[in-house]
Amino acid sequence: MKFNGMKRRIIFSQILTWLLLAGLAVLAAALPWLLTFYVGSHISPDSYAAAENFGAVLALCYCALVPAFAADGLMLWLLRRVKRGLIFVSPSAMVIQLIAVCCFAECAVFVLFSMYFLISLGIAFAALFLGIALLVVSDVVAVGAEIKTENDYTV
C-alpha cells in the first residue's frame with residue numbers, strides 16, 4: 001500500500017469485521033436465551049405467534065446466522081486481498097458476488113421471518129437492496145479487472 005491513510009482504513013475495517021464475527025458468535029451462543037427473553041417480555045400478536053412456534057423461530061434465527069457468518073468470512077478474505085493490492089482482479093469480483101448471494105439468502109430468511117415478525121419485511125428489503133448494490137460493485141470490479149489485464153499486456 002502506498003498511502004498510510006488507506007492502510008489504516010483497511011486495518012480499521014478488518015478490526016470491525018473481526019468484531020462483527022465475534023458478535024455473531026456471541027449471538028449464536030445466546031440466541032435461545034435472547035429469543036426466550038424477547039418473546040416473554042413483549043405483549044404483541046407477533047410475540048404470541050413466535051411463542052407458539054418457538055422452535056421454528058429459533059431455527060430461522062440460526063438459518064439467518066449462516067449467511068451472516070459466510071459473508072463475514074468472505075469480507076475478511078476480501079480485505080486481506082485489498083491489503084495485498086489485489087483489488088481489480090476477477091477473484092475479488094467473485095468474492096463480492098458471493099457476499100451478494102449471502103445478502104439474497106438473508107433476504108429469503110427474513111421474508112420467512114415475516115410470518116412471525118412483520119418488521120422482518122423491512123430487513124428483507126434492505127438485504128435485497130444491499131445484494132443488488134453488491135452485484136453492481138462486483139460488475140464494476142470485473143470490468144476494472146479486464147481493463148487492468150489489457151493494460152498489463154500493453155507495452
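In the block above lies the structure referred to throughout.
Residues numbered from 1 in each chain as written. Predicted model: local features only at pLDDT ≥ 70, side-chain atom pairs only at ≥ 80, totals over all residues. Heavy atoms only, no water.

Caption draft 1: Geometry of the overall build of the protein. A count of helical and extended segments in the protein gives five helices and zero strands. Against the 2.2 N^0.38 benchmark of 15 Å for 155 residues, the protein shows a C-alpha radius of gyration of 19 Å, more extended than a compact globule. Each principal axis of the C-alpha distribution contributes one length, and for the protein these read about 70 × 25 × 20 Å. Here the protein holds 155 residues, and 32% of them are scored as buried. Considering only intrachain contacts with a sequence separation of at least 6, the fraction spanning at least 24 residues in the protein is 76%. Summing over all exposed atoms, the protein offers an accessible surface of approximately 9,700 Å²; the carbon and sulfur share of this is 74%. The protein carries 9 positive and 8 negative side-chain charges, and their two centres are separated by 21 Å. (Helix = DSSP H or I, 4+ residues; strand = E, 2+ residues; numbered from the N terminus. Rg over C-alpha atoms; globule rule 2.2 N^0.38 Å. Buried < 20%, exposed > 50% of the residue type's maximum accessible area, 1.4 Å probe, protein only. Contact = heavy atoms within 4.5 Å. Areas by Shrake-Rupley, 256 points an atom, 1.4 Å probe, with all protein chains shown as cover. Lys, Arg positive; Asp, Glu negative; His and termini not counted. Charge placed at Lys NZ, Arg CZ, Asp CG, Glu CD.)

Caption draft 2: Quick peek at the packing of helix α3 (residues 54-83) against helix α4 (residues 90-113). Relative to each other, α3 and α4 sit at 165°, their axes nearing to 9 Å. The angle between the axes of α3 and α4 places the two elements in the roughly antiparallel class. For α3 against α4, the interelement crossing comes out left-handed. Partitioned by chemical class, the residues of the contact of α3 with α4 number 24 nonpolar, one polar and two charged. (Axes fitted to C-alpha atoms, helices over the stretch in contact; angles between N-to-C directions. Parallel < 35°, antiparallel > 145°, perpendicular 65-115°, else oblique. Left-handed = near helix turned anticlockwise from the far one by under 90°. Nonpolar A, V, L, I, M, F, W, Y, C, P; charged D, E, K, R; others polar.)

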